[in-house]
Amino acid sequence: MDKILRVNMTDLTTAVEEVPAEWAGLGGRALTSTIVAKEVPPTCHALGPNNKLVFAPGLLSGTAASNSGRLSAGAKSPLTGGIKESNVGGTAAQMFARLGIKALIVEGMPKGEGWYALKVGKDGVTIEEERGLLGLGNFAVIDALQALLGKKTGVIAIGPAGEMKLTSANISVKDPSGKIRSHGRGGLGAVMGSKRIKFIAIDDEGAPGIQLADPEAFKRASRVFTKALMDHPVSGQGLPTYGTNVLVNILHEAGGLPTRNFTHGQFDGHEQICGETMHDTIVARGGKPRHGCHAGCVIQCSQVYHDKEGQYLTSGFEYETIWGLGANCLIAELDDIALADNLMDDLGIDSIETAVAFGVAMEAGLLPWGDGKEVVRILREEIGKGTALGRVIGSGAGAVGRTYGVTRVPVVKNQAIPAYDPRSVKGIGITYCTSPMGADHTAGYTIATNILNVGGQVDPLKKEGQVELSRNLQIATAAIDSTGMCIFIAFPALDIPECLPALIAMINARFGAKLTGEDVTGLGKTVLKLERAFNLAAGLTSADDRLPEFFSSDPVTPHQAVWDFTNEEIDAFWDF
Ligand code: SF4
């Protein structure tokens, strides 16, 4: 029997609750957003006692379905002021699902100055005072907990950035190798820090496990689904070989690789930081070019990157991070970027928000363009030690821009725009504008169709078809984010006719349901609309669904493209 765990940090009590009937068919993002929309007053302070932090595994998490092990976290975001869902791999989602935990809701705020840890297991959740691990980075926290509680213990933690409640702070989740994956965007680590929870340890010993309504039907659908993931050239070849960093050269060629804080669309140093160079470096140094962020991932876009001495430097080394410090900050040295990535994992800080913040800081003259060593120093000595400069950079690109009077600040709803220039890939610009999450490429990844020609072709430089493309992908993504599936299943789902029906068949076989494709689309629409309604009630308006002015006034090379959508055209996104 699934259950809801509720933790009240004001009076330090916990409860195990039945799952309300209206939540029974929900998981992942659909559930976190539903709970936040129902229980969090939209105008509350995101770091105050009335915000709630919700974790929920996806509908298929814990099953043998490939790539289904993602955990959603939701709250009101201290970065955007709107609703936030951020999902992650690692071991926690599958452990929660096996324990029958539909959601963990953390509410309230402790009186006094004490810090706490949560312990989750088959009997529910307990709260314990925590002193020993305060101030430590995520790697030390995971090592200490594994030594204390065993190698198999699941860990959800915040680093020093979360303890300082920086609005770029993320929530880190242990992966199967004892390394880190992140609920990256929107400052959810600051929300966990505001509730003064340093970590959540999970023990799934004695867990009831997952009961499938129709195991045979599940197995049949699962085979078809996995074959589709393996057969598609992007999920079956490109991502497993080069990771997401396969995109550096592709975006450079397309003129959509934001360079020097979104001044140009191409980067002269692209070959030094591209996926092909990264792959060869990893192989030469004895790292791992393929690695899954959770058990059951068959795509394995992640990797383990070693330094020149063959020692671990970082893993989960994503395109968006490499772009952000690489092209965007003109750092053409992979080792510097990898070290910075490791430090950001350890501090528990969003690598997209922070990389874009460094680009704005370089524009402000706070450090030289291309100076990877100074980026590393600032991460260690300023952000890590909580100096005034460190706290400004750690509060994101918008905070740096406001503090230092920079006008070229690439944010939407105060969240940094990631690795695809919206002037030369216009579909993704519509996603940045309209996603209730703020600028978020994963919310409606039009790069698939605009650049990779997956699911058809829509010319990235023309306006025609972009609103519809973004809308359809955002609806589909809101549904996929609710299943616990990794977003990269979208490639085969868009191109291989058997893939989506197999996904729906697995959900039906898991729950004994009779969902149709229309039901799944309906779920995506419902989720998007309730997230939008929360944002409007929180005080955001359609004026927040806009790109910064410079995208309209400053053409970007090589296409001399500008952002040319009218407000009415953008607002038409919501006509569904
Ligand atoms: S494809 Fe990449 S992001 Fe997706 S589950 Fe696998 S390792 Fe994680």
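See the structure above.
Residues numbered from 1 in each chain as written. Predicted model: local features only at pLDDT ≥ 70, side-chain atom pairs only at ≥ 80, totals over all residues. Heavy atoms only, no water.

1. Brief notes about the sheet that holds strand β7 (residues 116-121)
Under the convention used in this document: Any two strands with at least two DSSP-identified bridges between them are counted as paired. Where helices and strands are cited, they refer to DSSP runs of H or I of at least four residues and of E of at least two residues respectively, numbered from the N terminus. Each axis is a line fitted through C-alpha atoms, taken for helices only over the stretch in contact, and angles between the N-to-C directions span 0 to 180 degrees.
Strand order across the open sheet formed by six strands is β8-β7-β12-β9-β10-β11, with mixed pairing between neighbours. Every interior strand has two partners, whereas the edge strands, β8 (124-129) and β11 (180-183), have only one. Between one strand and the next, the sheet's axes are offset by a mean angle of 20 degrees, whatever the strand orientation. In the sheet, strand β9 (residues 154-157) pairs with strand β10 (residues 171-174) via two bridges, with the strands oriented antiparallel. Bridged to isoleucine 156 within β10 is valine 173.

2. A few points about the packing of helix α6 (residues 215-231) against helix α7 (residues 233-242)
For any two helices packed against each other, one specifies the inter-axial angle together with the distance between the axes. What counts, and what does not: Roughly parallel covers angles under 35 degrees, roughly antiparallel covers those over 145, roughly perpendicular covers 65 to 115, and oblique covers all other angles. Only heavy atoms enter the contact rule, under which two residues are in contact if any of them lie within 4.5 Å. Put simply, Ala, Val, Leu, Ile, Met, Phe, Trp, Tyr, Cys and Pro go in the nonpolar bin, Asp, Glu, Lys and Arg in the charged bin, and everything else, Gly too, in the polar bin.
Running from amino to carboxyl end, α6 crosses α7 at an angle of 55 degrees, the nearest separation of the two axes being 4 Å. The angle between α6 and α7 places the two elements in the oblique class. Along its contact with α6, which presents Ala228, Leu229, Met230 and Asp231, the element α7 presents Pro233, Ser235 and Gly236. Across the contact of α6 with α7, the residue classes break down as four nonpolar, two polar and one charged.

3. Focus: empty space enclosed by the protein
The test is simple: Think of a 1 Å grid over just the protein atoms. A cavity is a set of points where a 1.4 Å probe fits yet cannot get out, a pocket is an open set with protein on both sides within 12 Å along at least five of seven lines, and lining residues have an atom within 4 Å of a point. Grid points are joined across faces, edges and corners, and a volume is the space filled by probe spheres set on the points.
Considering all chains together, one arrives at two cavities of 30 Å³ or more under this definition. In this structure, the largest cavity encloses a volume near 110 Å³. As for the largest cavity, its lining consists of 16 residues, of which Asp2, Pro57, Gly58, Lys102 and Arg510 are closest to the centre. For the lining of the largest cavity, the elements supplying multiple residues, two or more each, are α2 (92-98), β6 (101-107) and α21 (499-511). Residue composition of the lining of the largest cavity, grouped by class: nine nonpolar, four polar and three charged. Approximately 60 Å³ is the volume found for the second largest cavity.

4. Focus on the environment of arginine 181
In plain terms, the rule: Definition of a polar contact: a pair of N or O atoms within 3.5 Å, with one able to donate and the other able to accept a hydrogen when the atoms are protein atoms, and with sequence-neighbouring residues admitted only if both atoms are side-chain atoms.
As for its position among the elements, arginine 181 is in strand β11. Each C-alpha atom of the pair arginine 181 and glycine 90 lies 6.1 Å from the other, and the pair is 91 residues apart in sequence. Apart from the residues within four sequence positions on either side, arginine 181 is in contact with Val88, Gly89, Gly90, Ile171, Ser172, Val173, Asp175, Cys293, Ser302, Gly316 and Glu318. Here the side chain of arginine 181 touches serine 302 through a polar contact of 3.0 Å, side chain to side chain.

5. Description of the pairing of β6
Inclusion rule: In this scheme, a residue with accessible area under 20% of its type's maximum is buried, one over 50% is exposed, and one in between is partly exposed, where area comes from a 1.4 Å probe on protein chains only.
Of all seven residues making up β6, seven are buried, and the element is well covered by its neighbours. In this structure, strand β1 (residues 3-8) lies alongside β6, joined through six bridges in parallel fashion. Directly across from valine 7, in β6, lies its bridge partner valine 106. In this sheet, β6 lies alongside strand β3 (residues 53-57) in antiparallel orientation, the contact comprising three bridges.

6. Description of helix α22 (residues 517-538)
Residues that lie three or four places apart on an α-helix share one face, since the helix turns once every 3.6 residues. Rules: To estimate the expected span of a helix, subtract one from its residue number and multiply by 1.5 Å. Read the arc as the range of directions from the helix axis to the C-beta atoms.
With 22 residues, α22 ought to run about 32 Å at 1.5 Å a step, and its terminal C-alpha atoms sit 32 Å apart, in line with that. When α22 is considered as a whole, its buried residues turn out to be Gly524, Val527, Leu528, Glu531, Arg532, Phe534, Asn535 and Ala538. Buried residues along α22 cover an arc of 155 degrees about the axis, so they all sit on one side. Those residues of α22 hidden inside the fold are in contact with α1 (28-39), β4 (71-76), β5 (83-88) and α19 (466-483). One or two positions beyond α22, positive phi appears at glycine 539, with a value near 110 degrees.

7. Considering the pairing of β5
Burial analysis of β5 places six of its six residues in the buried class, the great majority of the element. Burial along β5 is two-sided: the face carrying Ile83, Glu85 and Asn87 and the face carrying Lys84, Ser86 and Val88 are both buried. By the bridge criterion, six bridges tie β4 to β5 in an arrangement that is antiparallel. By the bridge assignment for β5, alanine 73 is matched with serine 86. What sits between the antiparallel neighbours β4 and β5 is a turn of six residues, in which glycine 81 has the positive phi angle 80 degrees.

8. Some details on unusual backbone geometry
Residue proline 558 follows threonine 557 across a cis peptide bond; omega there is 0 degrees. A positive phi angle, near 55 degrees, is found at leucine 12, a position not held by glycine. The topology assignment puts leucine 12 in the loop between β1 and β2 (13-18). Note on leucine 12: relative accessible area 37%, which makes it partly exposed. In this structure, asparagine 453 is a non-glycine residue whose phi angle is positive, near 55 degrees. Residue position: asparagine 453 is located in the loop between α18 (447-450) and α19.

9. Remarks on the layout of surface pockets
Computed from the structure, the second largest pocket encloses a volume of approximately 330 Å³. Together, 18 residues line the second largest pocket, and Val120, Gly121, Ile202, Asp203 and Asp204 are the ones closest to its centre. At the level of secondary structure, the elements contributing two or more residues to the lining of the second largest pocket comprise β7, β8 and β12 (197-202). Of the residues assigned to the lining of the second largest pocket, the class counts are six nonpolar, five polar and seven charged.

10. Thoughts on the nonpolar core
Defined as follows: The criterion is simple. A nonpolar core is a set of buried Ala, Val, Leu, Ile, Met, Phe, Trp, Tyr and Cys residues joined through side-chain atoms within 4.5 Å.
Of all hydrophobic cores here, the largest spans 130 residues; its most connected members are Leu325 and Tyr420. Here this core gets eight residues from one element, more than from any other, and that element is helix α13 (residues 351-363). Once residues lying within four places of it in the same chain are set aside, the contact partners of leucine 325 are Leu330, Ile331, Ile337, Ala340, Met344, Ala355, Phe358 and Val375.

11. So, α13
Over its 13 residues, α13 runs 18 Å from end to end, which matches the ideal 18 Å to within 8%, given 1.5 Å per residue. Counted residue by residue, α13 has 12 buried out of 13 residues, so it is predominantly covered. Among the residues making up α13, those that are buried are Ser351, Ile352, Glu353, Thr354, Ala355, Val356, Ala357, Phe358, Gly359, Val360, Ala361 and Met362. Among the structural elements, α11 (319-325), α12 (334-347), α14 (372-383), α15 (388-393), α16 (397-404) and β17 (415-416) are those in contact with the buried residues of α13.

12. Details of the pattern of salt bridges
Counted only if it meets this: Any carboxyl oxygen of Asp or Glu within 4 Å of a side-chain nitrogen of Lys or Arg constitutes a salt bridge here.
Tallying each qualifying case throughout the model produces 31 salt bridges. Two residues, lysine 52 and glutamate 107, come together in a salt bridge whose shortest N-O distance is 2.9 Å. Separated by 55 residues along the polypeptide, lysine 52 in the loop between α1 and β3 and glutamate 107 in strand β6 bring together distant segments of the chain. Comparing lysine 52 with glutamate 107 shows no difference in burial state: the two are buried. In the salt-bridge network here, residues are joined through shared partners; they are Arg6, Glu17, Glu39, Lys52 and Glu107.

13. Describing the sheet that holds strand β14 (residues 302-306)
Strand order in the open sheet made by the three strands is β13-β14-β15, with antiparallel pairing throughout. Strands with a single pairing partner mark the edges of an open sheet, and in this sheet they are β13 (288-291) and β15 (312-315). Neighbour to neighbour, the strand axes of the sheet diverge by 25 degrees on average, direction disregarded. Alignment of β14 against β15, held across three bridges, turns out to be antiparallel. Directly across from tyrosine 305, in β15, lies its bridge partner threonine 314. Across the sheet, helix α10 (residues 275-284) is in contact with β13 and β14; its angle to β14 comes to roughly 60 degrees.

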